[in-house]
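# Report on the structure
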Amino acid sequence: MSESTNRKVLLVDGMAILFRAFYATSYTGYIRKTKAGLPTNAVYGFIQYFFDAINTFKPTHVICCWDMGSKTFRTEQFADYKGNRGEAPEELIPQFDLVKDVVESMGIQNIGIVGFEADDCLGTLATQLSSESEVYILTGDHDMLQLVSETVKVVIMKKGKLNYAVYDPAVLLEERQLTPTQVIDLKGFMGDTSDNYPGVKGIGEKTALKLILEYQSIEGVLLNLDKLPKGVRSKIEADLDMLHLSRDLATIRINVPVSCELSACSWHITKEAAEQKFEELEFGALVKILEGHPLREMDPFATV
C-alpha cells in the first residue's frame, strides 16, 4: 500500500454539524449552559458528533471548514439566495465563535474565507488533498454529493448516533442514478427551496430527474428541446436564464484561495489545551473523550 493511501483526511462541515447538534439537544426546550449563563449545548453536541466520526473513520488528518458571514459571491449573483432563512436562534449565536475556539484548542485547523461558503472551502481542499490522500467529507448537506470521486467520499450524517451514509461514485449512481456532475444539473432544473433559488418554474424533482436521466445534462436537454412535451419545453424556454443561474449557484467552487498542507492538519490532539478549554466550559464529562488519541508532539507526516 502506498503512503498516500495510508493518509485519510476528514474534512468537517463545521456549521452543518453545529446546527445539527443545536437542534438535536434543544428540541425539548432545555439548553445546556455554563454557570455564568453561556449557552454551550451546540458545542457540546458538536464535540460528541466529531469524535464519533473520528472513531468511525479513523483519519490521519482533520480540518474544520466554516461559513464566514452570510454575504458571499452567491448573494451578489442572486440577492434572494438563502433569503428565506431567519436569524439563528439566540442561544446559538455566541456558540459560532465558541466552537472555533474549542476546535483550535484541540489542535485542529479552522478554515473559512469571507465571500465564500464552507462548501467551497471543502470542495477546494478536497480537490487539493485528494491527489495525495483519501478524503472524507463529513456533512449533512446532500449538495456535497457533487464532490464525490474515486478519492473523495461524502459522509452524510443521518438521524441517530453513528448513522452514516458513505457515498462514492458507485453508491451515488446506484442510489440516486446520478453522476456527481448531474447532481448540479438536477438543481439547475428543480432549484433548491432551502437555499431559496427557484430553478425552472414548474419543474420539480421528478421531472428534473427524468430529463437528466434521458438527456444526461442541461446541455443535452437544451439540444433536444424539440423532443420534449410542449408544456415542459415552454417552461424551460421561459426560464433559461434562471436555469443557468441556478446551476451556477448550485456549483461548489473547487478553486477558492484556501489551502492546508498535510503537515499542518495531522490528527494529533493538543490534550492539555483541550482539557483546559473543556473544564472552562464545564464539559468535565467529555474530557475522557480525548483519551486514546495521538498527541500533537508526534507527527508521522511532519515531512510531507
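What counts, and at which threshold
Residues numbered from 1 in each chain as written. Predicted model: local features only at pLDDT ≥ 70, side-chain atom pairs only at ≥ 80, totals over all residues. Heavy atoms only, no water. pLDDT = per-residue confidence, 0-100. Contact = heavy atoms within 4.5 Å. Buried < 20%, exposed > 50% of the residue type's maximum accessible area, 1.4 Å probe, protein only. Helix = DSSP H or I, 4+ residues; strand = E, 2+ residues; numbered from the N terminus. Pairing = 2+ DSSP bridges. Core = buried A, V, L, I, M, F, W, Y, C linked by side-chain atoms within 4.5 Å. Polar contact = N/O pair within 3.5 Å; in protein donor to acceptor, adjacent residues only side chain to side chain. Axes fitted to C-alpha atoms, helices over the stretch in contact; angles between N-to-C directions.

## Let's talk about the confidence of the model for the protein chain
Across the protein chain, the average pLDDT comes to 92, with 95% of residues at or above 70. This model gives residues 298-304 a pLDDT under 50, and the stretch forms 15 contacts once residues within four places in sequence are excluded.

## What to know about the pairing of strand β1 (residues 8-13)
In terms of residue burial, β1 counts as a mostly covered element, since 5 of its 6 residues are buried. Across 5 bridges, β1 lies against strand β4 (residues 134-139) in parallel orientation. Each residue of the ladder has a partner; that of Val-12, found in β4, is Leu-138. Looking at chain direction, β1 and strand β2 (residues 61-65) are connected through 5 bridges and run parallel. Paired with Leu-10 across the bridge in β2 is Val-62.

## What to know about the nonpolar core
Considering soluble globular proteins, one finds that nonpolar side chains tend to be buried as a cluster. Counting residues in each nonpolar core, the largest one holds 47 residues, and the members touching the most others are Leu-11, Ile-63, Ile-137, Phe-189 and Ile-236. Setting aside residues up to four positions removed in sequence, Ile-63 forms contacts with Leu-10, Leu-11, Val-12, Ile-108, Gln-109, Ile-111, Leu-125, Leu-129, Cys-260 and Cys-265. Counting 43 residues, the second-largest nonpolar core is a separate cluster that includes Tyr-44, Phe-57, Trp-267 and Phe-283.

## Here's the deal with helix α5 (residues 93-105)
Here α5 has its buried residues at Gln-95, Leu-98, Val-99, Lys-100, Val-102, Val-103 and Ser-105. Close packing links the buried residues of α5 with α2 (14-26), α3 (41-57), β2, β3 (109-111) and α13 (271-280). Gly-107, located one to two residues past α5, shows a positive phi value of around 90 degrees.

## What about the pairing of β2?
Along β2, 5 of the 5 residues are buried, which leaves the element largely enclosed by surrounding structure. Alternating positions in β2 separate into two faces, His-61, Ile-63 and Cys-65 on one and Val-62 and Cys-64 on the other, with burial throughout.

## Here we look at the side chain of Arg-253
You can see Arg-253 is positioned in the loop between α12 (240-250) and α13. At a separation of 3.0 Å, a polar atom in the side chain of Arg-253 contacts the side chain of Asp-248. Among all residues touching Arg-253, those that are not within four sequence positions of it are Phe-73, Arg-74, Gln-77, Asp-120, Gly-123, Thr-124 and Asp-248.

## Side note on the sheet that holds β2
Hydrogen bonds between backbone groups are what pair the strands of a sheet, and the pairing can be parallel or antiparallel. Read from one edge of the open sheet, 6 strands run β3-β2-β1-β4-β5-β6, paired in mixed fashion. At either end of the open sheet lies a strand with only one pairing partner, and these are β3 and β6 (164-167). Geometrically, the sheet is characterised by an average inter-axis angle of 25 degrees between neighbouring strands, direction not taken into account. Note that strand β5 (residues 152-157) and β6 share 4 bridges and pair antiparallel. Residue pairing across strands places Met-157 opposite Tyr-164, the latter belonging to β6. Its contacts with the sheet place α2 against β1, β2, β4 and β5, and it is angled at close to 55 degrees to β1. Across the sheet, helix α6 (residues 118-129) is in contact with β1, β2, β3, β4 and β5; its angle to β1 comes to roughly 175 degrees.

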